[in-house]
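Coordinate analysis (summary)
Spelled out from the first residue to the last, the chains are:
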Amino acid sequence: MGVRISDLVAGSQREKLGYLSLLLAAALVLLVGLLPRFPSTATLSPTPTPTPQSEIPIPKSKIGLHTRLTDEPNPENIRQEFRMLHEMGGSYATEFFPWAYIQPHDRNRFDWEH
């Protein structure tokens with residue numbers, strides 16, 4: 001009962017192939033287990049576009065006035081409000097107005113005359 005060299009070589013090649021397959025399978029399992037969990041690309045939201053710089057000057061004074069002069073019929077009263085704002089060192093005014101004044105009848109039509 002003799003052992004042939006071809007049987008040893010073939011056996012060792014099979015063993016090498018088996019070990020290589022096992023090694024590759026283990027590497028694949030480790031790789032999949034260690035990869036970070038990323039969502040699919042279909043659920044990713046697009047990168048937002050940066051907002052362009054504002055052309056509106058920023059007031060140096062932090063003092064301002066919140067007004068409700070929309071319904072003020074007397075222009076002299078409006079001027080008086082802004083004189084008082086200027087005297088106290090204010091540099092801006094923010095006007096509050098009801099949006100119903102702008103869209104009184106139809107949501108697709110704007111009336112800026114008020």
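Reference entry: report on the structure contained in this document. (Residues numbered from 1 in each chain as written. Predicted model: local features only at pLDDT ≥ 70, side-chain atom pairs only at ≥ 80, totals over all residues. Heavy atoms only, no water.)

Some points on the overall build of the protein chain
Summing up its helical and strand segments, the protein chain has 2 helices and 2 strands in all. Taken from N to C terminus, the helices and strands of the protein chain fall in the order α-β-α-β. A separation of at least 24 residues holds for 61% of the contacts in the protein chain among residues at least 6 apart in sequence. For the protein chain, the exposed area adds up to about 10900 Å²; of that, 63% sits on carbon and sulfur atoms. (Helix = DSSP H or I, 4+ residues; strand = E, 2+ residues; numbered from the N terminus. Contact = heavy atoms within 4.5 Å. Areas by Shrake-Rupley, 256 points an atom, 1.4 Å probe, with all protein chains shown as cover.)

Quick word on the pairing of strand β2 (residues 92–95)
Looking at chain direction, strand β1 (residues 64–67) and β2 are connected through 4 bridges and run parallel. The residue of β2 that forms the bridge with Thr67 is Glu95. Regarding the hand of the β-α-β motif, the stretch spanning β1, helix α2 (residues 75–87) and β2 is right-handed. (Pairing = 2+ DSSP bridges. Right-handed = clockwise from strand over helix to strand, strands pointing away.)

Regarding the packing of aromatic side chains
Applying the stated rule across the entire model yields 3 aromatic pairs. With a centroid separation of 6.4 Å and 70° between ring planes, the pair formed by Trp99 and Phe110 is classed as edge-to-face. Separated by 11 residues along the polypeptide, Trp99 in the segment after β2 and Phe110 in the segment after β2 bring together distant segments of the chain. In this structure Trp99 comes out as partly exposed when scored by relative accessible area, which is 45%. (Phe/Tyr/Trp six-rings, centres within 6.5 Å; stacked < 30°, edge-to-face > 60°. Buried < 20%, exposed > 50% of the residue type's maximum accessible area, 1.4 Å probe, protein only.)

Quick look at the pattern of salt bridges
For the structure on display, the rule yields 3 salt bridges. Its salt-bridge partner being Asp71, residue Arg68 comes within 4.0 Å of it at the nearest N-O pair. One salt bridge connects Glu76 with Arg79, and the closest N-O pair in it is separated by 3.4 Å. Here Arg79 and Glu76 lie together in helix α2, a separation of 3 residues that amounts to about one turn. Take Glu76: its relative accessible area is 35%, and that puts it in the partly exposed class. Through salt bridges with shared partners, one network takes in Glu76, Arg79 and Arg83. (Salt bridge = Lys/Arg side-chain N within 4 Å of Asp/Glu carboxyl O.)

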